[in-house]
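Topology and contacts: notes
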Amino acid sequence: MTARILDGKAIAEKVREDIAQKAAQLIAQGTTPCLAVILVGSDPASAVYVRNKVAACEKAGFRSLKFEYAADVAPEVVFGKIAELNADASVHGILVQLPLPPQFDADKVLEAVSAEKDVDGFHAENFGMLLQGRESFYPCTPWGVMKMLEVSGVEVQGKDAVVIGRSNIVGKPMAVMLLTAGATVTVCHSKTKDLAGHVKRADIVVAAIGKPRFVTADMIKPGAVVIDVGVNRLPDGKLCGDVDFAGASEVASLITPVPGGVGPMTITMLLGNTLLSAQRAAARG
Ligand code: GUN
């Protein structure tokens, strides 16, 4: 079997067109969606992510604000900026790029962002709402995976799904979203006994463990849907995912590449959350 490739770039483009259209309607009614991004330090990957987020906002017709601080900035300065942005009615989304330097308690920073403007979906209140199956801001990467499955017609209800990885950003919310959609979900991680055995039983595999080519063809059930959230930099500078794409695509029915799979969906869903926040603000008046 040779898998069909799930083209995240093409799906992201379509979803972004729809978002831009809805943003134009909102702008015509007097509300311009606005995302504020805070970047602390000089991590090169974070700088690229932030640049891409700002560029995506502009392309969709949103306003964007960028605040950059040196790695040794005092936490109070950043907390002060978050408080200012929380109080600014023209700002609909606030995103603090992670990771933060060691003088920061990341949980405290994420909690400082108003839950109403938490377009990353990382605030404990939004995470709790997600867990209860209530409306909130959903974390962008797992929400992007759900959108890809929906657009490509993958039935989730009743399926056995395995999520590899248990991070707050991807693994845990991914498992909850699949569960809410009716899958039977197993979460595997670095301490799991017989990880390969669990993966082998899965109709849907989501790999988010951060280890290059960790999931190999022999671990995959023939015909499974394989979603690769990993972005790993190889010694030669090339990017690769958590799945051995060449081997796995011979066994799976549907597979995402890296790059060009889940990656473009993350920023798309960030735009979606920012639009949603602006729509909610406009409805509140
Ligand atoms: N660092 C890596 N991924 C993310 C993300 O989705 N949001 C934020 N804020 N930081 C990140």
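See the structure above.
Now for a quick tour of the structure. Residue indices follow the written sequence of each chain, beginning from 1 at its first position. Local features in this predicted model are restricted to residues whose pLDDT is 70 or higher, and side-chain atom pairs enter the listing and the counts only when it is 80 or higher, whereas totals over whole chains, interfaces and linings include all residues. In computing side-chain properties, one takes all heavy atoms of the structure into account and sets aside hydrogens as well as water.

1. Considering a nonpolar patch on the surface
Residues with no salt bridge and a relative accessible area higher than 30% make up the patches, which join like charges within 9 Å and nonpolar side chains (Val, Leu, Ile, Met, Phe, Trp, Tyr) within 5 Å. The accessible surface values rely on the Shrake-Rupley method and a 1.4 Å probe; as for residues, cover is taken only from the protein chains in view. Think of a salt bridge as a Lys or Arg side-chain nitrogen and an Asp or Glu carboxyl oxygen that are within 4 Å of each other. A cluster of nonpolar side chains, contributed by Tyr-49, Val-231 and Leu-239, occupies part of the molecular surface with about 260 Å² of accessible area. Given a relative accessible area of 32%, Leu-239 falls into the partly exposed group. Each residue gets one of three labels from its accessible area relative to the maximum for its type: buried under 20%, exposed over 50%, partly exposed in between, using a 1.4 Å probe on protein chains only.

2. Thoughts on the packing of helix H5 (residues 124–131) against helix H7 (residues 171–180)
Comment: axis = line fitted to C-alpha atoms, over the contacting stretch for helices; angle = value between 0 and 180 degrees taken between N-to-C directions. Strands are runs of DSSP state E lasting at least 2 residues, helices are runs of H or I lasting at least 4, and numbering of each runs from the N terminus. In the contact formed by H5 and H7, the axes pass within 9 Å of each other and the chain directions differ by 30°. As judged from the angle between their axes, H5 and H7 are roughly parallel. Each of Phe-127, Leu-130 and Leu-131 in H5 lies in contact with H7, whose residues at this interface are Lys-172, Pro-173, Val-176 and Met-177. Of the residues assigned to the contact of H5 with H7, the class counts are six nonpolar, no polar and one charged. Note on terminology: angles under 35 degrees are roughly parallel, angles over 145 are roughly antiparallel, angles of 65 to 115 are roughly perpendicular, and the others are oblique. The contact definition used throughout considers only heavy atoms, calling two residues in contact when any of these lie within 4.5 Å. Asp, Glu, Lys and Arg are counted as charged, while Ala, Val, Leu, Ile, Met, Phe, Trp, Tyr, Cys and Pro are counted as nonpolar; the rest, among them Gly, fall into the polar class.

3. Re the sheet that holds strand E7 (residues 204–207)
Each pair of strands is called paired provided DSSP finds at least two bridges between the two strands. One open sheet holds the six strands; their spatial order is E1-E11-E8-E7-E5-E6, and the pairing between them is parallel. Each edge of the sheet is formed by a strand with only one pairing partner; in this case those strands are strand E1 (4–5) and strand E6 (184–188). Here strand E8 (residues 225–228) pairs with strand E11 (residues 254–255) via two bridges, running parallel. Bridging across to E11, Val-226 finds its partner in Ile-255. Where H7 meets the sheet, its contacts fall on strand E5 (160–164), E6 and E7, and the angle it forms with E5 comes to roughly 170°.

4. A closer look at the environment of Cys-188
Tracing the sequence through the fold places Cys-188 in strand E6. It is 6.1 Å that separates the C-alpha atoms of Cys-188 and Val-163, two residues lying 25 residues apart in sequence. Aside from chain neighbours lying at most four places away, what touches Cys-188 is Val-162, Val-163, Ile-164, Gly-165, Leu-195 and His-198.

5. Some remarks on the nonpolar core
Core analysis: the biggest nonpolar cluster contains 51 residues, and Phe-62, Val-145, Leu-149, Leu-178, Val-206 and Ile-227 have the highest contact counts within it. When residues of this core are assigned to their parent elements, the largest contribution, seven residues, is made by helix H10 (residues 263–284). Contact partners of Val-145, with chain neighbours within four places excluded, come to Met-174, Val-206, Ile-227, Val-229 and Val-262. We define the nonpolar core as a collection of buried residues of types Ala, Val, Leu, Ile, Met, Phe, Trp, Tyr and Cys that are connected through side-chain atoms lying within 4.5 Å of one another. With 20 residues, the next largest nonpolar core counts Cys-188, Ala-207, Ile-220 and Ile-255 among its residues.

6. Things to note about the pattern of salt bridges
Under the counting rule described, the total for this entry stands at eight salt bridges. Here Asp-18 makes a salt bridge to Lys-22, at a shortest N to O gap of 3.0 Å. Residue Asp-18 and its partner Lys-22 are both found in helix H1 (residues 8–28); the two are separated by four residues, about one turn of the helix. The exposure class of Asp-18 is partly exposed, given its relative accessible area of 33%.

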